[in-house]
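# Fold and contact review
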Amino acid sequence: MEGGGGGKMGYGGHHHHHDTAKLLKAVSRTVEPRNFGIGLVAGFLIVTCAYFSTAKFDAIHIALGTKHPTAPSSFLPAAFASSPLPFLQLDLIPLDVYLAAPDLEDALSKLGSKAEVLDKDDDGKILPSPETDSGQSASLGNTRKDDTFASGGGGGALLPPLSSEEPANSTQEQGGLEDEELQVQDAIANSPKKSNNGSSSPAVFHSDPATLPVPPVQQIPPAQQQETRASPVQQIPLIPEAKQTGPEQSAAPWREWKPLCDLASNRRIDWCELDGDVRVHGVQGTVTLVGAAKAEEWRVKPYPRKVDTNAMRFVREITVRSTTDAGAIGPEAACTERRDVPALLFSDRGYTGNYFHAYTDVILPLFLTAKQYGGEVLFLVSDFQMWWLGKFLPVFKSLSNYDLVDLAADNRTRCFRHVQVGLTCHSDFSIDPRRAPNGYSMVDFTKFMRTTYGLPRDLAVPAPNARPRLLIIARARTRRFVNADEIVHAAKKIGFEVVVSEGTHEIAPFAEEANSCDAMLGVHGAGLTNMVFLPTRGVVIQVVPLGGLEFVAGYFRSPSRDMGLEYFEYRIARNESTLTDQYPPDHPIFTDPDGVKSKGWDSLKEAYLDKQDVRLDMRRFRPVLKKAIAHIRANKLQ
């Protein structure tokens, strides 16, 4: 009987739902259209009563006509903290349901499935659940304490440790990051942003502390904080941050000791960087970091030709060291003069007598290293050559507000907070903007040179009714244009106004001449260095002599393009070389140039650079001039 009664009761519950369905059907048939609203309300009440007849009223309390308050973040129980879900929009959970539910799973069972709670977009469309999406895992086990969660635009998203809106030069401000770390941060900054609802919220990702340094909690810039900040209900960390209090909170992070000098990473120069109590004694040739955590000693020659023994033999060696005790470095330890500005120590010897090497070995590296200081930097010059420094004095005055220091004649101990020994170099006559301070480029360098010498033209656009000007570099001794008059005549006939100049010891007059021109023509040599004074979008034509010298032409090929100039390279034929007047056709100088070069630089230089002049075949060369003038005329249209 009891078993039958129980079965009858269970059937009765089913029969109750069946009767309700019949009643709704009857009502829908009997209600007239004018009473449709009343019938709809009655049907809704009947269905509601039928539903709650099977519910547990002791677990859920209904307040009809009252909006449910939401659960504040401070009320988050342990059940939510241990949830396998990556985030919860608690404004979807009524407070009375939240408080009455014995655990998280019970609360979710009363509101629907987890996919319905988490994965609805703004249009109400159900999105794939994280558990079923093989391309994304949002479990708590893969979430670190330093991850901050926020909801915006209808879906929560995990904020990355570093903002993708940071300027490209943030790493400069943060100190010298290694190349691998920069690559990781670039990949993060350029990674596509994607969220569940298609908004612009940052994508979910996890940083690996083994490859990416964990930033401070307050890493988001103020502008981004305004965009991502939500109400307390919407911004709830899954696991609270462990906040430090007391003196430990302001303590500087521990830094691993870094060697003072770098002798390996740059193939051109050894350089050292010292921060702290740095003392320089010129006569002794020492640069000392006092009070360091570790004692070191290095010997460097601050000139960027370290593998060239011929260039380095006259460069003075500087001793760079650190000590834990100021008394250990002798009586010269006491500071004679203290400076708040940084110091750069470099040599002006080596090959600086050559005009090209003066730029690629000193002038350009000095710009790259010193320009960022805005004049507040002191130059300590080893191997002080007054004639050379005087030649480029406008450059030094543009980069430093202070007089040059002749290091070898300075018998004082100068004290600084920062000293760099050796200049920053990237490559011959070149700047890599990705590694340069403030993203400097060769275009910036040419602008600096034009400003230094007060040159007026920034763009190669001829004045109205004026012919484009062509500057022909006339070499005096080697690699000369034998038929210079014929070249001038052909250029004028095409439409150029032609200027022929060899240049002088004084830079300023020739810089003005070069800047007044739109194009420059010359055989490979140091004279082409004057392209730094050409206006942007000008033309450079490099004539390459016979002998397989395309590799040395590269000293001007890439730099000219980096300066914003149009580059043309003309490689002469055998009949255009005066070597045909000196050697028979079957001589190795024609048949085996690689064999000549294999004997060394001196052999190559003597055969192809010192003994060769050029006689241009104008029928072959004229098309190059036509292309050059067409490019300049096109600048007017732009």
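What you see is a predicted model; the values in this text were computed from it and never measured.

A contiguous nonpolar patch, built from V41, F44 and L45 and spanning about 320 Å² of accessible area, is present on the exposed surface. If you trace the backbone, V41 turns up in helix α2 (residues 36-52).

Moving on to the nonpolar core. One broad trend across soluble globular proteins is that nonpolar side chains are buried collectively. Grouped together as the largest cluster of nonpolar side chains are 99 residues, with contacts concentrated most on Y359, F392, F445, F533 and L616. Among the elements that line this core, the one with the most residues is helix α11 (residues 355-370), at 11 residues. In this structure F392 touches Y355, A358, Y359, I363, Y453 and I507, once residues within four positions along its chain are discounted. Counting 22 residues, the second largest nonpolar core, distinct from the first, contains C261, L289, A292 and V419.

What follows is about the sheet that holds strand β17 (residues 566-571). Read across the open sheet, the 5 strands follow the order β14-β13-β15-β16-β17; overall the sheet is parallel. Looking at strand neighbours, the two that pair on one side only are β14 (497-501) and β17, the edges of this open sheet. This sheet shows a mean twist of 20° between the axes of neighbouring strands, independent of strand direction. The pairing of strand β13 (residues 469-473) with strand β15 (residues 519-523) spans 3 bridges and is classified as parallel. Residue pairing for β15: L470 is matched across the bridge by A519. Strands in contact with helix α16 (residues 507-515) are β13, β14 and β15; relative to β13, the strand with the most contacts, it is inclined by about 135°. In the packing of helix α21 (residues 618-637) onto the sheet, the strands contacted are β13, β15, β16 (539-544) and β17, and the crossing angle to β17 comes to about 180°.

Turning our eyes to something else, we now look at a positive patch on the surface. Taken together, the side chains of R467, K492, R633 and K636 present a region of like positive charge at the surface. Turning to its location among the elements, K636 is positioned in helix α21.

Per-residue pLDDT for the chain averages 73, and the proportion of residues at 70 or more is 60%. Between residues 1-17, whose pLDDT stays under 50, and residues either more than four places distant or in other chains, the model counts 4 contacts. Across residues 55-255, confidence stays below pLDDT 50; counting only partners more than four residues off in sequence or on other chains, it has 195 contacts.

Relative to the helices and strands, R321 resides in strand β7 (residues 318-323). Since its relative accessible area comes to 18%, R321 is described here as buried.

Conventions used here
Residues numbered from 1 in each chain as written. Predicted model: local features only at pLDDT ≥ 70, side-chain atom pairs only at ≥ 80, totals over all residues. Heavy atoms only, no water. Patch = residues over 30% accessible without salt bridge, like charges linked within 9 Å, V, L, I, M, F, W, Y side chains within 5 Å. Areas by Shrake-Rupley, 256 points an atom, 1.4 Å probe, with all protein chains shown as cover. Salt bridge = Lys/Arg side-chain N within 4 Å of Asp/Glu carboxyl O. Helix = DSSP H or I, 4+ residues; strand = E, 2+ residues; numbered from the N terminus. Core = buried A, V, L, I, M, F, W, Y, C linked by side-chain atoms within 4.5 Å. Buried < 20%, exposed > 50% of the residue type's maximum accessible area, 1.4 Å probe, protein only. Contact = heavy atoms within 4.5 Å. Pairing = 2+ DSSP bridges. Axes fitted to C-alpha atoms, helices over the stretch in contact; angles between N-to-C directions. Lys, Arg positive; Asp, Glu negative; His and termini not counted. Charge placed at Lys NZ, Arg CZ, Asp CG, Glu CD. pLDDT = per-residue confidence, 0-100.

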